[in-house]
Amino acid sequence: MAFSTQFIGSSGNPRTAYNIDWSVGLIGSNTREDVMLVQALLRIFYYELLGFNGGFDPPPGENAVIVVDGQKGPITQRHIVHFQEQAIARGQNLKPDGIFDPYRAVGASSTISKTRYALDLLNNGCANLCDAQGIDNYSNLPNRQDMPLLLRSALKRVKKTASKYTYVAPQT
């Protein structure tokens, strides 16, 4: 389930970022709230910030704004792959796997592939570009009435680590 996480930004001020518990994409778990968060961030980045996002255009042929419905269909998948391809083309060290994994910490790299987490880069882009434009589309995500109640409720939960990384061994 999607959630909020608190961290100290580069300015020394507290910030909020959004994370998912399970992978979203090609072979991800694709839980509804996690997919909704990815869709919401892609919507902010590609459509609400269009013209102010450094030339990151939506995937070719996508004429309608991505719907935040929690269904990981072909449109969502095209956006995920397109974001990864564009980030790599701009010099980001990402694994082009068609999946958004939960990130372990803001700004952290994967412990296995040693690449950046695409979801962390998307969060960072949304946050910084919204700040630069003086809009709260990103920071106010848990309260936006145009987002599904299920997502808004999920983002009101604050925790540090995605469930994917908090394995607890069974008691014997």
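The structure under discussion appears in the preceding block.
Residues numbered from 1 in each chain as written. Predicted model: local features only at pLDDT ≥ 70, side-chain atom pairs only at ≥ 80, totals over all residues. Heavy atoms only, no water.

### Describing the packing of aromatic side chains
Using the criterion set out here, one finds 6 aromatic pairs in the structure. Geometrically, the ring pair formed by F45 and Y46 is edge-to-face, given 5.2 Å between the ring centres and 80° between the ring planes. Across the pair, Y46 and F45 agree in class, each one buried. Through successive ring pairs, a cluster of aromatic residues spans F45, Y46, F56, F83 and F100. Geometry around Y165 places R104 over its ring, the cationic atom sitting 3.9 Å from the centre. (Phe/Tyr/Trp six-rings, centres within 6.5 Å; stacked < 30°, edge-to-face > 60°. Buried < 20%, exposed > 50% of the residue type's maximum accessible area, 1.4 Å probe, protein only. Lys NZ or Arg CZ within 6 Å of the ring centre and 35° of its normal.)

### Some words on unusual backbone geometry
In most cases, non-glycine residues show a negative phi, while peptide bonds are predominantly trans. Despite not being glycine, N30 shows a phi value in the positive range, around 55°. Structurally, N30 can be placed in the loop between β3 (24-25) and α1 (32-48). Residue N30 is classed as partly exposed on the basis of its relative accessible area, which comes to 21%. (Helix = DSSP H or I, 4+ residues; strand = E, 2+ residues; numbered from the N terminus.)

### Digging into α1
If you check α1, its first and last C-alpha atoms are 22 Å apart, about what 17 residues at 1.5 Å a residue would give, namely 24 Å. A large share of α1 lies buried, amounting to 15 of its 17 residues. (Expected span 1.5 Å × (residues − 1).)

### Here's the deal with the pairing of strand β1 (residues 3-8)
Regular strands place their side chains on alternate faces of the sheet. Pairing of β1 with strand β2 (residues 14-19) involves 6 bridges; the strand directions are antiparallel. Within β2, the position partnered with Q6 by the bridge is T16. Hairpin connection between β1 and β2: a loop of 5 residues separates the two successive antiparallel strands, and G12 in this loop has a positive phi of roughly 90°. (Pairing = 2+ DSSP bridges.)

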